[in-house]
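# Per-entry structural report
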Amino acid sequence: MATIVASAARTTSTRNPWPGVVALAFAASIAALQNTAVVPLLPVLQRELHAPLSSVTWTLTLSLLVAAVATPLLSRFGDMYGRRPMILGALGLLVAGSVMAALAPSLEWLMVARVLQGAVAALVPLSIGVARDVLPREQLATGIGVISATMGFGSGGGMILAGLASGDFHLVFWITAGISLVAVAIVAVLVKDSAPAGPKGRPDLAGAALMTAWLVALLLGISEGGSWGWTSPGVLGLFAAAAVLAAVWVVVERRVAEPLVEMAMLVHRGTVGATVASMLLGFSFFTLMTGMSSFAQVPVGTGYGFGASTLQVGFFLLPSTIFMLVISLFAGRIMRRFRASSMVAAGSAITALAGLWLVVAHTSPAHLYVATSLMGIGLGVGYAALGTMAVEHVDPGKTALAAGVNALVRIVGGSTAGAAIAAILAAQPGVGGYQWVFGTAALAGGTAALFAAVYGRLNRATVTAPSGR
């Protein structure tokens, strides 16, 4: 079993910390739900808001981009000012964004709402930081596993929610707003925060702006490569701009006193395995989920696809949700018996198997049910351990920041998925394009498994990641 670097002076209290941890797990599931609920709604948004699919796809990508920036930024604020206020603030933005999205009369209005919703992604690393403060050492892996696993369950639940709402995106966002408001109340009552983990400092706004800029340039170039041409001046210019901005961002992060992302932590032997595995598993998950949803909704007359409604897509994803829920209930027991890196490797490999299955078998609904079952098992196991793998070799004062970096790279991987799918299908329309989509997801999952296994073996002895840049 993995060795977790625990705080020498953990807060002691007679109060039972588990109701608060369960409340945070519930909130984390909503943070995942609000993103995946949009995936099967993309054709609906295209129709009702009179916009091309390439534009409505940005309702998902834009939220993930905001999440990529907000996650390390709010994690840093959590270390500076306390995690509970940041958690409540992120949930408050989710409520406001959900109400705004429910009332959206246009695509532009909806995109602004999705910007507000994207900030809630920071809730996962912040919750892990709180769990590390309040749980005894012997229960820490269980707590992190529960929070991480329910995040996977929420991802599947978003697809189910969209289906049960019969594709009514207004209703989906009203339900999300109501659930989020309940989460605010529960967290406010049950979650107690310790003193801020780090000294006061200045937020790295320059780093946040630069990271946003290079991510936008990269994703726009990928998503438009198929339609503009991969060698067109516009696409090449976007890739060049992304490279230059990323290089400037790295320089700034290495020189600023309080960086948005600590580069040393990002590439250290103790964390790089979790970093790469998280990014690739996030990419594999969103590629599989978005690809299956789109494939299932292709009209039957095209010779492939099943002409499914959003409700039917929800049923296709139901096995995935059930498996994630069951695994989250047993995450604690599993985490006590197996190393985090072994679980991430196994989960990633099973997720890759789901992609491979769809490459060769995609002609009947039964094939989708098999794939979603494999995906649910893989993500349930992998996500339950990712949080622990990310922080087990990190100084206790940097827990939320390390978890934030891990969530950041997972979100970056996920945000790349939409652009990659658009590029693949533009270059290879028809069933062959979807086979490439599923094959790409399988390759990412297999590579994630390899990194988790290799670095898990290298880190058998406790390796503490540096706290400097």
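Residue numbers here run from 1 along each chain, matching the order of that chain's written sequence. Residue-level local features of this predicted model are given only where pLDDT is at least 70; pairs of side-chain atoms are given and counted only at 80 or more, and the full residue set underlies all totals for whole chains, interfaces and linings. Values reported for side chains reflect all heavy atoms of the structure, with hydrogen atoms and water molecules removed beforehand.

What follows deals with the overall build of the protein. Tallying secondary structure elements over the protein gives 19 helices and zero strands in all. When a residue's accessible area, from a 1.4 Å probe over protein chains only, is under 20% of the maximum for its type it is buried; when over 50% it is exposed; and in between it is partly exposed. Burial analysis of the protein (469 residues in total) assigns 59% to the buried set. For the protein, restricting intrachain contacts to residue pairs at least 6 apart in sequence, the fraction spanning at least 24 positions comes to 83%. Here the open area of atoms and residues is found with the Shrake-Rupley method and a 1.4 Å probe, where only the protein chains shown may cover a residue. On the protein, roughly 17000 Å² of surface is accessible, and the fraction owed to carbon and sulfur atoms is 70%. Starting at the N terminus, helices and strands are each numbered in turn, a helix being any DSSP run of H or I of at least four residues and a strand any DSSP run of E of at least two. Contacts were defined at the residue level, with two residues in contact if any of their heavy atoms lie within 4.5 Å.

Its 28 residues give helix α19 (residues 431-458) an end-to-end C-alpha distance of 41 Å, which sits within 8% of 40 Å, the value for a rise of 1.5 Å per residue. Along α19, the positions that sit buried rather than exposed are Gly433, Tyr434, Val437, Phe438, Ala441, Ala442, Ala444, Gly445, Ala448, Ala449, Ala452 and Gly456. Multiplying 1.5 Å by the residue count of a helix minus one yields the expected span of that helix.

Further remarks concern unusual backbone geometry. Even without a glycine there, the phi angle at His50 is positive, about 55°. If you trace the backbone, His50 turns up in the loop between α2 (42-48) and α3 (53-56). Judged by relative accessible area, His50 falls into the exposed class, the value being 72%.

We now examine the nonpolar core. In terms of nonpolar packing, the biggest core is built from 124 residues, with Ile87, Leu91, Met211, Leu288, Met292, Met375 and Phe438 touching the most fellow members. The element contributing the most residues to this core is helix α13 (residues 269-297), with 14 residues. Leu288 has contacts with Thr351, Ala354, Gly355, Leu358, Met375, Phe438 and Ala441, leaving out every residue within four places of it along the chain. Take the buried residues of types Ala, Val, Leu, Ile, Met, Phe, Trp, Tyr and Cys, join any two whose side-chain atoms come within 4.5 Å, and each joined set is a nonpolar core. If you look at the next biggest cluster of nonpolar residues, it comprises 21 residues, including Leu33, Ala37, Ala102 and Ala113.

Remark: helix α5 (residues 83-102) packs on helix α9 (residues 169-190), axes separated minimally by 8 Å, with the N-to-C direction vectors making an angle of 160°. Between α5 and α9, the angle falls in the class roughly antiparallel. Between α5 and α9 lies a crossing whose hand is left-handed. Two secondary-structure elements touch here, α5 through Arg84, Ile87, Leu88, Leu91, Gly92, Leu94, Val95, Ser98, Val99, Ala101 and Ala102 and α9 through Phe169, His170, Phe173, Trp174, Thr176, Ala177, Ser180, Leu181, Ala183, Val184, Val187 and Ala188. Taken together, the residues of the contact of α5 with α9 sort by class into 17 nonpolar, five polar and one charged. To define axes, lines are fitted to C-alpha atoms, for helices over the stretch in contact only, and angles between the resulting N-to-C directions are given on a 0 to 180 degree scale. Just so you know how the angles are binned, under 35 degrees is roughly parallel, over 145 roughly antiparallel, 65 to 115 roughly perpendicular, and the rest oblique. The hand of a helix crossing depends on one turn: near helix anticlockwise from the far one by less than a right angle means left-handed, and clockwise means right-handed. Nonpolar residues are Ala, Val, Leu, Ile, Met, Phe, Trp, Tyr, Cys and Pro. Charged residues are Asp, Glu, Lys and Arg, and all others, Gly as well, are polar.

Bringing the packing of aromatic side chains into the picture now. Ring geometry is summarised as follows: Phe, Tyr and Trp rings, the Trp one being its six-membered ring, pair when their centres sit within 6.5 Å, and such pairs are stacked at plane angles under 30 degrees, edge-to-face over 60 and tilted between the two. The full count for this structure, using the stated rule, is 14 aromatic pairs. Centroid distance Tyr304 to Tyr434: 6.1 Å. Interplanar angle 55°. Geometry classified as tilted. Here the residue Tyr304 occupies a position in the loop between α13 and α14 (310-329), and Tyr434 occupies one in helix α19, the gap between them amounting to 130 residues. Each member of the pair Tyr304 and Tyr434 is classed as buried. An angle of 35° between the planes, with centres 6.5 Å apart, marks the rings of Tyr434 and Phe438 as tilted. Taken together, the residues span about one helical turn, with Tyr434 and Phe438 both in helix α19 at a distance of four residues. This pair shows no difference in class: Tyr434 is buried, exactly as Phe438 is. When the ring centre of Tyr383 is taken as reference, the NZ or CZ atom of Arg410 above it lies at 5.7 Å. Only lysine NZ and arginine CZ atoms are considered, and such an atom sits over a ring when it is within 6 Å of the ring centre and within 35 degrees of the ring normal.

On to the side chain of Gln34, then. Topologically, Gln34 is positioned in helix α1 (residues 18-36). Ignoring any residue separated from it by four or fewer positions in sequence, one finds Gln34 in contact with Ser63, Leu94, Arg114, Gln117, Val120 and Thr176.

A side-chain nitrogen of Lys or Arg and a carboxyl oxygen of Asp or Glu constitute a salt bridge if their distance falls within 4 Å. Counted under the stated rule, the structure contains one salt bridge. The residue Asp133 makes a salt bridge to Arg83 at a minimum N-O spacing of 2.5 Å. Of this pair, Asp133 sits in helix α7 (residues 123-134) while Arg83 sits in helix α5, and the two are 50 residues apart along the sequence. As far as burial versus exposure is concerned, Asp133 and Arg83 are alike and both buried.

Time to look at the environment of Val44. Looking at the element boundaries, Val44 is found in helix α2. The class of Val44 is buried, set by a relative accessible area of 5%. Along the sequence, Val44 and Ser309 sit 265 residues apart, while their C-alpha atoms lie 10.0 Å from each other. Sequence-distant contacts of Val44, that is, excluding residues within four places in its chain, are made with Gly167 and Thr310.

A word on the environment of Ala426. Within the secondary structure layout, Ala426 lies in helix α18 (residues 399-427). Residues Ala426 and Ser227, 199 residues apart in the sequence, show an inter-C-alpha distance of 6.7 Å.

A few words now on the confidence of the model for the protein. Known as pLDDT, the predictor's per-residue confidence is scaled from 0 to 100. Of the residues in the protein, 90% reach a pLDDT of 70 or more, and the chain-wide mean stands at 83. Here residues 1-12 scores under 50 on pLDDT; set against residues more than four positions off or in separate chains, the count is 35 contacts.

In this fold, Val95 is placed in helix α5. Sequence-wise, Val95 and Ile179 are 84 residues apart; in three dimensions their C-alpha atoms are separated by 8.7 Å. Setting aside residues up to four positions removed in sequence, Val95 forms contacts with Ala177, Ser180, Leu181 and Val184.

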